[in-house]
Number of protein chains: 2
Amino acid sequence: MEQEKKTNTYIIAPNLVRSDLTRSINGTDQFGNIIELPVIEERPLTIFLNEQEIVTAMTIGDYPEYLALGFLKNQRMLLSDDKVKGIDFDLELNTIVVRTENKTNFEDKLKKKTQTSGCAVGTVFGDMMEGMEDLILDPLVIKTSYLYSLSKKINQTPSLYLNAGAIHGTILCYRDNPLVYMEDVGRHNAVDKIAGWIFETGTNSNDKILYTTGRLTSEMVIKTALMGIPVLVSRSGFTAWGVEIAKQVGMTLIGRLRGKRFICLSGEDRLEWDASLTENEKFL
Amino acid sequence: MEQEKKTNTYIIAPNLVRSDLTRSINGTDQFGNIIELPVIEERPLTIFLNEQEIVTAMTIGDYPEYLALGFLKNQRMLLSDDKVKGIDFDLELNTIVVRTENKTNFEDKLKKKTQTSGCAVGTVFGDMMEGMEDLILDPLVIKTSYLYSLSKKINQTPSLYLNAGAIHGTILCYRDNPLVYMEDVGRHNAVDKIAGWIFETGTNSNDKILYTTGRLTSEMVIKTALMGIPVLVSRSGFTAWGVEIAKQVGMTLIGRLRGKRFICLSGEDRLEWDASLTENEKFL
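So, how was this worked out
Residues numbered from 1 in each chain as written. Chains lettered and ligands numbered in written order. Predicted model: local features only at pLDDT ≥ 70, side-chain atom pairs only at ≥ 80, totals over all residues. Heavy atoms only, no water. Contact = heavy atoms within 4.5 Å. Buried area = accessible area lost by both parts, 1.4 Å probe. Salt bridge = Lys/Arg side-chain N within 4 Å of Asp/Glu carboxyl O. Polar contact = N/O pair within 3.5 Å; in protein donor to acceptor, adjacent residues only side chain to side chain. Least-squares fit on C-alpha atoms with pLDDT ≥ 70 in both. pLDDT = per-residue confidence, 0-100. Axes fitted to C-alpha atoms, helices over the stretch in contact; angles between N-to-C directions. Helix = DSSP H or I, 4+ residues; strand = E, 2+ residues; numbered from the N terminus. Parallel < 35°, antiparallel > 145°, perpendicular 65-115°, else oblique. Nonpolar A, V, L, I, M, F, W, Y, C, P; charged D, E, K, R; others polar. Buried < 20%, exposed > 50% of the residue type's maximum accessible area, 1.4 Å probe, protein only. Pairing = 2+ DSSP bridges. Phe/Tyr/Trp six-rings, centres within 6.5 Å; stacked < 30°, edge-to-face > 60°. Lys NZ or Arg CZ within 6 Å of the ring centre and 35° of its normal. Right-handed = clockwise from strand over helix to strand, strands pointing away. Left-handed = near helix turned anticlockwise from the far one by under 90°. Lys, Arg positive; Asp, Glu negative; His and termini not counted.

(A) Representation of the interface of chain B and chain A. On the side of chain A, 63 residues touch chain B, which itself brings 63 residues to the contact. Here chain B meets chain A over a buried area of about 5000 Å², counting both sides, of which 61% is carbon and sulfur. On inspection of chain B and its partner chain A, the count reaches two salt bridges. Between A:Glu244 and B:Arg23 there is a salt bridge, with its nearest N and O atoms 2.8 Å apart. At the surface where chain B touches chain A, the tally comes to 18 residue pairs in polar contact (both at pLDDT 80 or more).

(B) View of the relation of the copies chain B and chain A. Between chain B and chain A, the superposition needs a rotation of 180° and an axial shift of 0.0 Å, giving an RMSD of 0.0 Å. Accordingly, the operation relating the two chain copies is best matched by a two-fold axis. Comparing interface residues between copies, 100% of those in chain B also lie at the interface in chain A; the contact surface is shared.

(C) Local environment of the confidence of the model for chain A. Residues and elements named next belong to chain A. Overall, the predicted model of chain A reaches an average pLDDT of 90, with 89% of residues at or above 70. Every residue in residues 116-126 is under pLDDT 50, and counting partners more than four places away or in other chains gives 33 contacts. Taken over the whole predicted complex, pTM reads 0.92, whereas the ipTM for its chain interfaces reads 0.90.

(D) Local environment of the packing of helix α1 (residues 64-74) of chain B against helix α6 (residues 187-201) of chain B. All names here are of chain B. At a closest axis distance of 6 Å, the pairing of α1 and α6 adopts a crossing angle of 95°. The angle between the axes of α1 and α6 places the two elements in the roughly perpendicular class. Listed contacts from α6 to Tyr66, Leu67, Leu69, Gly70, Phe71, Lys73 and Asn74 of α1 are Asn189, Val191, Asp192, Lys193, Ala195, Gly196, Trp197, Phe199 and Glu200. Split into classes, the residues belonging to the contact of α1 with α6 amount to eight nonpolar, four polar and four charged.

(E) The arrangement of helix α7 (residues 218-226) of chain A in detail. Counting buried positions along α7(A) gives seven out of nine residues, so the element sits mostly inside the fold. Within two residues after α7(A), A:Gly228 carries a phi angle of roughly 80°, on the positive side.

(F) Broad picture of the sheet that holds strand β4 (residues 52-59) of chain A. All names here are of chain A. What the four strands build is an open sheet, ordered β4-β3-β6-β5; its pairing is mixed. A strand with exactly one partner marks an edge of an open sheet, and here the two such strands are β4 and β5 (84-90). Each strand of the sheet is rotated relative to its neighbour by a mean of 20°, with strand direction disregarded. The pairing of β5 with strand β6 (residues 95-100) spans six bridges and is classified as antiparallel. For aspartate 90, the partnering residue across the bridge sits in β6 and is threonine 95. Those strands touched by helix α1 (residues 64-74) are β3 (43-49), β4, β5 and β6, and its axis lies near 55° from that of β3.

(G) Layout of the sheet that holds strand β5 (residues 84-90) of chain B. Residues and elements named next belong to chain B. Taken together, the four strands give an open sheet; going across it, the order is β4-β3-β6-β5, and neighbouring strands pair in mixed fashion. A strand with exactly one partner marks an edge of an open sheet, and here the two such strands are β4 (52-59) and β5. Neighbour-to-neighbour, the strand axes of the sheet open up by a mean angle of 20°, direction not taken into account.

(H) Broad picture of the packing of aromatic side chains. Residue and element names in this part refer to chain A. Under the definition given, this model contains eight aromatic pairs over all chains. Cluster of aromatic residues (ring-pair linked, three or more members): Tyr148, Phe262 and Trp273. One residue, lysine 260, lies across the ring of tyrosine 148, its end atom 4.6 Å from the ring centre.

(I) Unusual backbone geometry, seen in detail. Residues and elements named next belong to chain A. Positive phi, close to 55°, is recorded for asparagine 50, a residue that is not glycine. Structurally, the position occupied by asparagine 50 is in the loop between β3 and β4. Phi is positive for arginine 256, which is not a glycine, with a value near 50°. Structurally, arginine 256 can be placed in strand β12 (residues 252-258). Judged by relative accessible area, which is 31%, arginine 256 ranks as partly exposed.

(J) Just the pairing of strand β10 (residues 208-212) of chain A, in detail. Residue and element names in this part refer to chain A. Counting buried residues along β10, five of its five residues qualify, which places the element largely inside the surrounding structure. Burial along β10 is two-sided: Lys208, Leu210 and Thr212 facing one way and Ile209 and Tyr211 facing the other are all buried. Sheet analysis places strand β8 (residues 168-174) next to β10, joined by five bridges and oriented antiparallel. Note that in β10 the partner of isoleucine 171 across the bridge is tyrosine 211. Sheet topology note: the β10/strand β11 (residues 231-234) ladder contains four bridges and is parallel. The partner of isoleucine 209 across the bridge, within β11, is valine 231. In this region the chain leaves β10, passes through α7 and returns to the parallel neighbour β11; the handedness of that crossover is right-handed.

(K) Seen up close, the packing of α7(A) against helix α8 (residues 240-249) of chain A. Residues and elements named next belong to chain A. At their nearest, the axes of α7 and α8 sit 7 Å apart, and the two run at 20° to each other. Relative to α8, the element α7 is oriented roughly parallel. In this structure, α7 crosses over α8, and the sense of that crossing is right-handed. For the pair α7 and α8, the contacting residues are Ser218, Val221, Ile222 and Ala225 in the first and Trp241, Gly242, Ile245, Ala246 and Val249 in the second.

(L) Looking closely at the side chain of A:Asp82. Residues and elements named next belong to chain A. As for its placement among the helices and strands, aspartate 82 is situated in the loop between α1 and β5. One buried charge, aspartate 82, has no salt-bridge partner; the nearest side chain with opposite charge is lysine 73, at 7.5 Å. Looking at aspartate 82, its side chain comes within polar contact range of the main-chain nitrogen of leucine 79, at 2.8 Å.

So this is what it looks like as structure tokens:
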């Protein structure tokens, strides 16, 4: 196991081959010089569930299938007993339609709500705590050395972020191995693409770690919890409600992981403190 | 004018007096020590337009009226001929209702859409380019010295960000004076609160500069354009579509403003290059 550490463990690495995810743009720098720089593309993608228009997401445009599936799963519009029979992506119309064998519960609920109280534009977001009431995640124990190792590997991975900036990354990890690295304009899209990949590949989530470059807000914690992932790690900060929800569902939540520093906000008893810090590192 | 430079120009400065915008939380640091730290609060706020539920936003909870008004304005659900007769905020229910004298066009459109095609959940976001077709912003000329001055003043302003992190700031500025400093969990909320303030106070927007800590995505550029603000500045990066829209509406767009560096992505001919950089600063 230890010997494998140097190996590239990515199943999906950042999308550096496709040339349509960035565009070369001219800007003017502080000296008045014209400079050419790579800039992230951003496209609308309107997601449909069968006949129902759901939302327009702004995305870089890779993996629209994973994004649509993951979004619908994370919003609990697609439940585990819904059978997806097809996904139609239309590049020109910027639409993607996820088709299920039978009409989903969500469509029925939405129709009822529409008939009784007018249209329910915001409800999909308003019901976000649904499915969280009795959720308790598996109590996965992880080593603090994994955190440092993951952070280093992820920071050194060539990415759209390193090329062009203005983008968030979310990485699905097993032990100290990054497996699936998704990037997108919004940090939520990157998480949804991971959710779509997990759903499509039938991958176990209860032994995984999710690393994100974005902040640990309530929505990020809820999405991660609904995906069944027991550990969420970020180089950025966190909100009070994010921390509260993590505690409620038994999620290990780590924020501000930079260099040798981190803050564990929830689940510190599920950390195995195997990384010994040197005297010098105490001041990093 | 020059003598006023040292004066505090804020009409609204960051909200450091209210104790309910942050919460003290215990975390465990990398040495296993328990530390206490201030963390940003995050609360749901469900916005209604008359009887119509619109959206649930996650917000720190200050200025719910400005947030609701600004969101509805920036989504063009409230148009300039709609008269707001009241705003009811319910702290316990986390709801805010904006009431207009007459039913809005938006409600009519939504009802029609609901009747013909089922509920239109995503449409509010899908129609985001509406109102942008013929929009050309006033060609405001600004000095490059304003950029440096604003950046310095804003970075030195005591803020929730400096106290607790995990939050975005958006600041409405006139020349090199920051006027209204809004912070929120999402950068869009901070912009919407500025929009609400402009609407409520009837402030001119065509001579202002908007500074944001967040990235310059299409949504940020669209909101700023719909607010009639001709200059948008950020310390962060930008997306290709954000730049494209800025060019389309004649907005001056400045990204990656840090120290003496910046990149002008649109409107470089409306910059007055009065800030001369020293040889040393050329390498900053």
